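Residue-level listing of the chains:
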Amino acid sequence: RSSSAPQTSASLLIIDDDAGVRAALTLAMNNLGYRNIVTAYNSEYAIQFLNQGMKVDLIISDIRMPGRMSIPEFLHRLEAMQRDIPVIFATGYSEDVVIENGLVEGRHPVLFKPFTLEDLFAKIREAMPEHHPH
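Here is a short report on the structure shown in this document. (Residues numbered from 1 in each chain as written. Predicted model: local features only at pLDDT ≥ 70, side-chain atom pairs only at ≥ 80, totals over all residues. Heavy atoms only, no water.)

### Side note on the packing of aromatic side chains
For step 1, the next point in the chain: The full count for this structure, using the stated rule, is one aromatic pair.
For step 2, the next point in the chain: Ring plane angle 70 degrees and centroid distance 6.3 Å describe the contact between Tyr 41 and Tyr 45, whose orientation is recorded as edge-to-face.
For step 3, the next point in the chain: Residue Tyr 41 is classed as partly exposed on the basis of its relative accessible area, which comes to 38%. (Phe/Tyr/Trp six-rings, centres within 6.5 Å; stacked < 30°, edge-to-face > 60°. Buried < 20%, exposed > 50% of the residue type's maximum accessible area, 1.4 Å probe, protein only.)

### Some thoughts on helix α2 (residues 43–51)
For step 1, the next point in the chain: Of the positions making up α2, those classed as buried are Ser 43, Ala 46, Ile 47 and Leu 50. One side of α2 holds all its buried residues, which, seen down the axis, span an arc of 100 degrees.
For step 2, the next point in the chain: Close packing links the buried residues of α2 with β1 (8–15), β2 (34–40), β3 (58–62) and α3 (71–80).
For step 3, the next point in the chain: A side-chain oxygen of the first residue of α2 lies 3.1 Å from the backbone nitrogen of Glu 44; this N-cap is Asn 42.
For step 4, the next point in the chain: Residue Gly 53 follows α2 closely and has a positive phi angle near 95 degrees. (Helix = DSSP H or I, 4+ residues; strand = E, 2+ residues; numbered from the N terminus. Arc of directions from axis to C-beta. Contact = heavy atoms within 4.5 Å. Polar contact = N/O pair within 3.5 Å; in protein donor to acceptor, adjacent residues only side chain to side chain.)

### Considering the nonpolar core
For step 1, the next point in the chain: Formed by 22 residues in total, the largest nonpolar core has its most connected members in Leu 13, Ile 15, Ile 59, Phe 74 and Leu 78.
For step 2, the next point in the chain: Those elements that provide at least two residues to this core are β1, α2, α3, β4 (87–91) and α4 (95–100).
For step 3, the next point in the chain: With four residues, the top contributor of residues to this core is α3.
For step 4, the next point in the chain: In this view, Leu 13 contacts Val 38, Thr 39, Ala 40, Ala 46, Phe 49, Leu 50, Met 54, Val 56, Leu 58, Ile 59 and Ile 60; residues no more than four positions away in its chain are not counted.
For step 5, the next point in the chain: In terms of nonpolar packing, the next biggest core, distinct from the first, is built from 15 residues, Leu 12, Met 29, Ile 88 and Met 128 among them. (Core = buried A, V, L, I, M, F, W, Y, C linked by side-chain atoms within 4.5 Å.)

### Some remarks on the sheet that holds β4
For step 1, the next point in the chain: With respect to topology, five strands assemble into an open sheet ordered β2-β1-β3-β4-β5, the strand pairing being parallel. Of all strands in the sheet, those with a lone pairing partner are β2 and β5 (110–112), marking the two edges. Strand-to-strand twist in this sheet, taken as the mean axis angle between neighbours without regard to direction, amounts to 20 degrees.
For step 2, the next point in the chain: Strand direction decides the pairing type here: β1 and β3, joined by four bridges, are parallel. Paired with Leu 12 across the bridge in β3 is Leu 58.
For step 3, the next point in the chain: The sheet contacts of helix α1 (residues 19–31) involve β1, β2 and β3, and relative to β2 the element is tilted by about 165 degrees. (Pairing = 2+ DSSP bridges. Axes fitted to C-alpha atoms, helices over the stretch in contact; angles between N-to-C directions.)

### A look at the pairing of β3
For step 1, the next point in the chain: Counted residue by residue, β3 has five buried out of five residues, so it is predominantly covered.
For step 2, the next point in the chain: Where β3 lies against β4, four bridges are found, and the strand directions are parallel. Paired with Ile 59 across the two strands is Val 87, which belongs to β4.

### Some details on the pattern of salt bridges
Note on pairing: side chains with opposite charge can pair once their charged atoms come close.
For step 1, the next point in the chain: Per the stated rule, a full pass over the model turns up three salt bridges.
For step 2, the next point in the chain: Salt-bridge contacts for Lys 113 lead to Asp 16; the nearest nitrogen and oxygen are separated by 4.0 Å. With Lys 113 in the loop between β5 and α5 (117–127) and Asp 16 in the loop between β1 and α1, the pair connects residues that are 97 residues apart, well separated along the chain.
For step 3, the next point in the chain: For Lys 113, a relative accessible area of 33% corresponds to the partly exposed category.
For step 4, the next point in the chain: Across the pair Glu 44 and Arg 68 runs a salt bridge whose closest N-O atoms are separated by 3.7 Å. Here Glu 44, found in helix α2, pairs with Arg 68, found in the loop between β3 and α3; they are 24 residues apart in sequence, far enough to count as distant. (Salt bridge = Lys/Arg side-chain N within 4 Å of Asp/Glu carboxyl O.)

Purely spatial values, then, with no claim about function.
What follows is the structure in structure tokens.
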């Protein structure tokens, strides 16, 4: 069945310090037709990949991760690179943590765990309508 899934050239970057989450998301996105998927353990690695010129169309990231880089700093670094990459956040934390991390203005959608893959796909379609496999 997976071979009939429409493929898209969009590249995804999944940032999560939990290897199980990274694997599950990668598998889910593969099944959706996304083949170009890179995962990173935290925001700092993600920024390194991007600094090395990696092309990314969408980032799916957890909110709390090990490492020194905060989420606002991560978003700031992205903007500084002038790469307008949509970011979707997924978190098991409450709304307080989201607000605490400066994610209030709604520019970046936040999914609260447990979310369904349907929820995730809906957010992805909103974030990059032009790349959605039909």
